[in-house]
Amino acid sequence: MSLGNKMFNGMAWSAIERISIQAIQFVLGIILARILTPKEYGIIGILLVFIVVSQVFIDSGFTKALIQKQDRTENDISTVFFFNIIISIVCYIIIWILAPFVAQFYEIESLSILLRVLALSLISNALFTVPATLYTIELDFKTLTKINLIATLLSGGVAIYLAYSGYGVWSLVFQTIIKSFSTLIFMWFFLRWKPKWLFSKSSIKSLFSFGSKLLASSLLNVIVNNFYSLFIAKFISAKDLGYYTRGTQFSDVIFSTVNAIFDRVLLPGLSSVQNQHDILIKHTRTIIRATALFVIPLFLFIAVMSKPIVVYLLTDKWILAVPILQIFCVARLITIISGINVNLLYTIGRTDLALRQQYLKIIVRVVFFIVALNYGIVFIALAELASTAVHFFINTYYPGKIMKYGPLNQLKDLSTIIISSIIMVISVFIITFYLDNDLIKLLVAPIVAGSIYYFLIKLFKIKELDLIKVKAKGFLNKK
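Just so it is clear, the structure is predicted and the values come from calculations on it, not from any experiment.

Caption draft 1: Expanded view of the overall build of the protein chain. Scanning the protein chain from N- to C-terminus turns up 19 helices and 0 strands. Long-range pairs, those at least 24 residues apart, make up 84% of the contacts in the protein chain between residues at least 6 apart in sequence. For the protein chain, the accessible area works out to roughly 21400 Å², and carbon and sulfur atoms hold 68% of it.

Here is the structure:
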């Protein structure tokens, strides 16, 4: 199978998994948001910061190092497996000790026990991280799809039951715990690999040269991504954090889906041609245009329709999340496109350059955030949008310098898609402006948007749509 077809099949199965899971989580999120309060979502937002940061330490960039390394050995794989377990236990102990101080800092007594229980997921996550990586290396997303679907449905069902039974934020905590442990069980049920009882210092040393820079870059990114939550909860309110996180979660349904697909497929797929820059850029250009063909119009459409989406699905109590959603839709589409460039640097083994870029991006985000903090959550969201716009030019700098495919070339490649998307959303806004009923807007808008956008794609002769159709047909026939 050619690299292009292999990567497309990998992306297809990964897309099936992520879209189906995100669709289920989207429905679950709507049900839970109608039951729970913004404050309860704000509390879980605080807790997840500590979990996400700990997860970066547990991984330490080693799983991506395994994927990137073409001559990986069984010693490498087993060493990373036991390293993950050891670090997860250390992180859990640290969180257990810190939990009462976190509760005291936010003046929410229940945070201590909530954090200690939620942190159990770190240990179970560590136990299936390497197995999931092995599936990723083989681009076997079909098995991962089955496992994650079962885990998502099981944990979501329990969470809804607990929420209806009056357990409040505990329903969200147990949703995370049950999903983690059920994923662990099914991951090992399907897996044929068994770890060897060894821990190789030479493996750690060889993987650390790649993983250490990725660890630093990921850690900085995760900390800055999540300190928004910590500061909003402390200096504004947990309720406002609930509006903020709910607003970002709508856009993050798409963002996390696309990002997860790329994170899984681009590195293992493109690593096989990491030394052939012409072929590498050819595939990257196709990926960027094909991605933009869908994500740009989709995000802009959601931004225009955000008010009826939020009001109809979540009720009026979440109306303050609307401007957050609108702003983050634009921010996330920029992040997806620019993030492909970071994967390109990982592919050629230049995590040092990715880390160098990360330092600069952190400075930009922190400065913008500090300026916006005194003006409320809408201005914080605008600061994030401004940061992502600057990040695009930072992320595309080295691809431009090394491979002659920089920001101007990428924007030129995307120009017809951007123009088509803007025309489409303006048309949708004008037509739906005169409709009073939110449900009618939500039914009419997709038909109008799809018809106009398809016409514009044909008018501008955007060839990626035909390419995707051919690849999809081959995938379905093979399936």
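From this point, things continue past the structure.
Caption draft 2: Examining the packing of helix α11 (residues 277-304) against helix α13 (residues 322-347) more closely. Contact pair α11 / α13: the axes reach a minimum separation of 9 Å and the direction vectors enclose 170 degrees. The angle between α11 and α13 places the two elements in the roughly antiparallel class. Classifying every residue of the contact of α11 with α13 gives 19 nonpolar, 4 polar and 1 charged.

Caption draft 3: How the structure looks around the nonpolar core. Leu47, Leu111 and Tyr244 are the most contacted members of the largest nonpolar core, which totals 104 residues. Filtering out sequence-adjacent residues up to four positions away, leucine 47 remains in contact with Leu111, Leu114, Leu115, Leu118 and Val173. Counting residues in hydrophobic clusters, the runner-up holds 18 residues, among them Phe81, Phe128, Val130 and Leu134.

Caption draft 4: Spatial organisation of helix α2 (residues 38-59). The first and last C-alpha atoms of α2 sit 31 Å apart over 22 residues, in line with the 32 Å expected at 1.5 Å per residue. Of all 22 residues making up α2, 16 are buried, and the element is well covered by its neighbours.

Caption draft 5: Expanded view of helix α17 (residues 407-433). At leucine 414, α17 is bent by approximately 50 degrees, the largest bend along its length. Within the span of α17, buried status applies to Pro407, Gln410, Asp413, Leu414, Ile417, Ser420, Ser421, Met424, Val425, Ser427, Val428 and Thr432. The elements touched by buried residues of α17 are α11, α13, α15 (377-395) and α18 (438-459).

Caption draft 6: Structural context of the confidence of the model for the protein chain. Residues of the protein chain with pLDDT of at least 70 account for 83%, and the chain-wide mean is 81. Taking the mean pLDDT of every element in the protein chain, the minimum, 63, falls on helix α19 (residues 464-478) and the maximum, 93, on helix α5 (residues 111-118).

Caption draft 7: Spatial organisation of the side chain of threonine 396. Tracing the chain through its elements places threonine 396 in the loop between α15 and α16 (397-403). In this structure threonine 396 comes out as buried when scored by relative accessible area, which is 0%. At a separation of 2.8 Å, a polar atom in the side chain of threonine 396 contacts the main-chain carbonyl oxygen of phenylalanine 392. Once residues lying within four places of it in the same chain are set aside, the contact partners of threonine 396 are Asn341, Tyr405, Gly406, Pro407 and Gln410.

Caption draft 8: Structural detail: the packing of aromatic side chains. Going through the model one piece at a time under the given rule, you end up with 13 aromatic pairs. Note on tryptophan 170 and phenylalanine 174: the rings are 5.7 Å apart at their centroids and 35 degrees apart in plane angle, and the pair reads as tilted. With tryptophan 170 and phenylalanine 174 both in helix α8 (residues 169-190) and 4 residues apart, the pair spans about one turn of that helix. Here the aromatic residues Tyr41, Tyr243 and Trp318 are joined through ring pairs into a cluster of three or more. The side chain of arginine 116 reaches across the aromatic face of tryptophan 96, ending 4.0 Å from its centre.

Caption draft 9: Region of the structure containing the environment of aspartate 438. Among the structural elements, aspartate 438 can be located in helix α18. A sequence separation of 133 residues divides aspartate 438 from methionine 305, and the C-alpha atoms of the two residues are 9.4 Å apart. Discounting residues that sit within four places of it in the chain, aspartate 438 has contacts with Pro308, Val311 and Tyr312.

Caption draft 10: View of the packing of α2 against helix α4 (residues 74-106). Remark: α2 packs on α4, axes separated minimally by 9 Å, with the N-to-C direction vectors making an angle of 155 degrees. By the angle class used here, α2 and α4 are roughly antiparallel. By crossing handedness, the relation of α2 to α4 is classed as right-handed. On α4, the residues touching Ile46, Phe50, Ile51, Ser54, Phe57, Ile58 and Asp59 of α2 are Phe83, Asn84, Ile87, Ser88, Cys91, Ile95, Val102 and Tyr106. The class makeup of the residues in the contact of α2 with α4 is 11 nonpolar, 3 polar and 1 charged.

Conventions adopted
- Residues numbered from 1 in each chain as written.
- Predicted model: local features only at pLDDT ≥ 70, side-chain atom pairs only at ≥ 80, totals over all residues.
- Heavy atoms only, no water.
- Helix = DSSP H or I, 4+ residues; strand = E, 2+ residues; numbered from the N terminus.
- Contact = heavy atoms within 4.5 Å.
- Areas by Shrake-Rupley, 256 points an atom, 1.4 Å probe, with all protein chains shown as cover.
- Axes fitted to C-alpha atoms, helices over the stretch in contact; angles between N-to-C directions.
- Parallel < 35°, antiparallel > 145°, perpendicular 65-115°, else oblique.
- Nonpolar A, V, L, I, M, F, W, Y, C, P; charged D, E, K, R; others polar.
- Core = buried A, V, L, I, M, F, W, Y, C linked by side-chain atoms within 4.5 Å.
- Buried < 20%, exposed > 50% of the residue type's maximum accessible area, 1.4 Å probe, protein only.
- Expected span 1.5 Å × (residues − 1).
- Bend = angle between axes of the 7 residues up to and from the residue.
- pLDDT = per-residue confidence, 0-100.
- Polar contact = N/O pair within 3.5 Å; in protein donor to acceptor, adjacent residues only side chain to side chain.
- Phe/Tyr/Trp six-rings, centres within 6.5 Å; stacked < 30°, edge-to-face > 60°.
- Lys NZ or Arg CZ within 6 Å of the ring centre and 35° of its normal.
- Left-handed = near helix turned anticlockwise from the far one by under 90°.

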